[in-house]
Amino acid sequence: MITVYKFASAWDQPDLSPFVVKLETYLRMAGIEYKGVPGDVRKAPKKKLPYVEHDGRLIGDSSFIIDHLKSTFGDKLDVGLGSTERAVAASFQSMIEEQLYFIILYQRWQDDGGWETYTPVLREILAGAHVPAPLRGLIASSIRKGIKKTLRAQGTGRHTRAEVDAIGTRIVQSISDWMGANPSFFGQNPTTIDATVYAFLSAIMDTPFVWGVKTHAEKLPNLRSYVDRMKGRYWLR
Ligand SMILES: N[C@@H](CCC(=O)N[C@@H](CS)C(=O)NCC(=O)O)C(=O)O
């Protein structure tokens with residue numbers, strides 16, 4: 001049995017972190033049994049979540065975990081993909097996980113309106129972790145300070161609100177343009193890249209944050225039906 005160490009569910013999401021949702025979606029797509037438990041970043045091999053425990057081994061990073069799962073359980077999902085499709089998947093994956101991710105982070109942690117939406121959820125999670133009430137606000141603010149520092153070092157934190165919305169909008173538009181009327185990223189059947197695409201689109205479209213990227217994504221009917229289809233197929237059964 002695989003144990004997935006994760007954060008916590010919030011809103012209608014199986015987890016706050018799109019990387020956790022990506023991994024769990026992959027496990028469901030591949031039909032691999034797992035159990036999810038609350039994780040502690042301090043115990044994680046890369047000091048980030050998700051990580052997994054499998055056969056006594058700890059593995060960090062959603063993509064390395066998926067590589068491990070593929071080599072252990074086989075890979076039926078991507079078997080039909082050619083080298084061009086694999087290259088396209090790798091490009092979209094980088095754009096989503098290494099750029100769109102920071103746009104989402106900015107919205108949740110740096111933007112004051114986003115922070116107002118986010119704090120009650122964080123306080124609730126800290127309460128669930130038995131953190132005493134007077135400390136919850138302090139801990140949330142200290143995590144926010146650290147994430148703002150990360151965003152500044154990475155670069156996204158130096159952009160204006162409008163610039164961040166413009167970058168995020170361009171990315172969701174390019175996902176929509178690529179997918180067209182296809183039910184999955186590469187046509188009919190979902191492949192591994194769909195776990196990433198679904199997790200990050202759902203983190204934008206199925207959460208209560210009101211911002212330009214979400215407003216734009218909502219105008220793209222193929223993305224709405226894609227997210228609903230993936231959710232129905234892997235999460236609502
Ligand atoms: N490349 C990693 C990214 C994971 C990641 O960034 N996790 C964040 C949450 S979304 C985290 O654990 N942050 C905690 C920290 O940095 O202290 C993956 O694919 O798993």
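### Looking at unusual backbone geometry
Across the junction of Leu49 and Pro50, the peptide omega takes the value 5°, indicating a cis bond. Position of Pro50 relative to the elements: it lies in the loop between strand E2 (34-38) and strand E3 (51-54). Backbone geometry at Trp11 places phi at a positive 50°, although glycine is not the residue there. Among the secondary structure elements, Trp11 is positioned in the loop between strand E1 (2-6) and helix H1 (18-30). Of the residues examined, Trp11 reaches a relative accessible area of 28% and is grouped as partly exposed.

### What to know about the domain arrangement of the chain
Domain boundaries in the chain define domain 1 (2-73) and domain 2 (83-115 + 158-234). Computed from C-alpha coordinates alone, the two centres of domain 1 and domain 2 are separated by 20 Å. On the side of domain 2, 22 residues touch domain 1, which itself brings 15 residues to the contact. Of the roughly 1,500 Å² buried where domain 1 meets domain 2, counting both sides, 67% is carbon and sulfur surface. On the surface where domain 1 and domain 2 come into contact, there are 2 salt bridges. A salt bridge links Lys231 to Asp12; the shortest N-O distance between them is 3.9 Å. At the junction of domain 1 and domain 2, the tally comes to 6 residue pairs in polar contact (both at pLDDT 80 or more).

### Observations regarding the side chain of Thr3
For Thr3, the position within the fold is in strand E1. Every residue in contact with Thr3, bar those within four places of it in the chain, is listed here: Lys35, Val37, Tyr51, Val52 and Glu53.

### Considerations on the nonpolar core
One finds Ile175 and Leu201 to be the most contacted residues of the largest nonpolar core, which totals 66 residues. Considering each element in turn, this core owes the most residues, 11 residues, to helix H3 (residues 83-110).

### Section: helix H6 (residues 161-179)
An α-helix turns once per 3.6 residues; consequently, residues spaced three or four apart project the same way. For H6, built from 19 residues, the straight-helix expectation of 27 Å at 1.5 Å per residue is met to within 8% by its first-to-last C-alpha distance of 27 Å. Residues Val164, Asp165, Ile167, Gly168, Ile171, Val172, Ile175, Ser176 and Met179 constitute the buried set of H6. Considering only its buried residues, H6 is in contact with H3, helix H7 (192-205), helix H8 (212-218) and helix H9 (221-234). Downstream of H6 by one or two residues, Gly180 has phi in the positive range, about 50°.

### Points about the site of the ligand
Around the ligand, the neighbouring residues are Phe7, Ser17, Phe19, Val41, Lys47, Lys48, Leu49, Pro50, Asp61, Ser62 and Tyr101. Taking Asp61, its side chain carries an N or O atom lying 2.9 Å from a nitrogen atom of the ligand. Separating an oxygen atom of the ligand from a side-chain N or O atom of Ser62 is a distance of 2.5 Å. For the ligand, whose unbound accessible area comes to 520 Å², protein coverage reaches 74%. Residue composition of the shell around the ligand, grouped by class: 6 nonpolar, 2 polar and 3 charged.

### Some remarks on the pairing of strand E4 (residues 57-60)
As judged from the 4 bridges shared by E3 and E4, these two strands associate in the antiparallel manner. Of the residues in E4, the one forming a bridge with Tyr51 is Gly60. The antiparallel pairing of E3 with E4 creates a hairpin that spans 2 residues between the two strands, and Asp55 there sits at a positive phi of about 50°.

Thresholds applied
Residues numbered from 1 in each chain as written. Predicted model: local features only at pLDDT ≥ 70, side-chain atom pairs only at ≥ 80, totals over all residues. Heavy atoms only, no water. Helix = DSSP H or I, 4+ residues; strand = E, 2+ residues; numbered from the N terminus. Buried < 20%, exposed > 50% of the residue type's maximum accessible area, 1.4 Å probe, protein only. Domains from an automatic or database assignment. Contact = heavy atoms within 4.5 Å. Buried area = accessible area lost by both parts, 1.4 Å probe. Salt bridge = Lys/Arg side-chain N within 4 Å of Asp/Glu carboxyl O. Polar contact = N/O pair within 3.5 Å; in protein donor to acceptor, adjacent residues only side chain to side chain. Core = buried A, V, L, I, M, F, W, Y, C linked by side-chain atoms within 4.5 Å. Expected span 1.5 Å × (residues − 1). Near = heavy atom within 4 Å. Areas by Shrake-Rupley, 256 points an atom, 1.4 Å probe, with all protein chains shown as cover. Nonpolar A, V, L, I, M, F, W, Y, C, P; charged D, E, K, R; others polar. Pairing = 2+ DSSP bridges.

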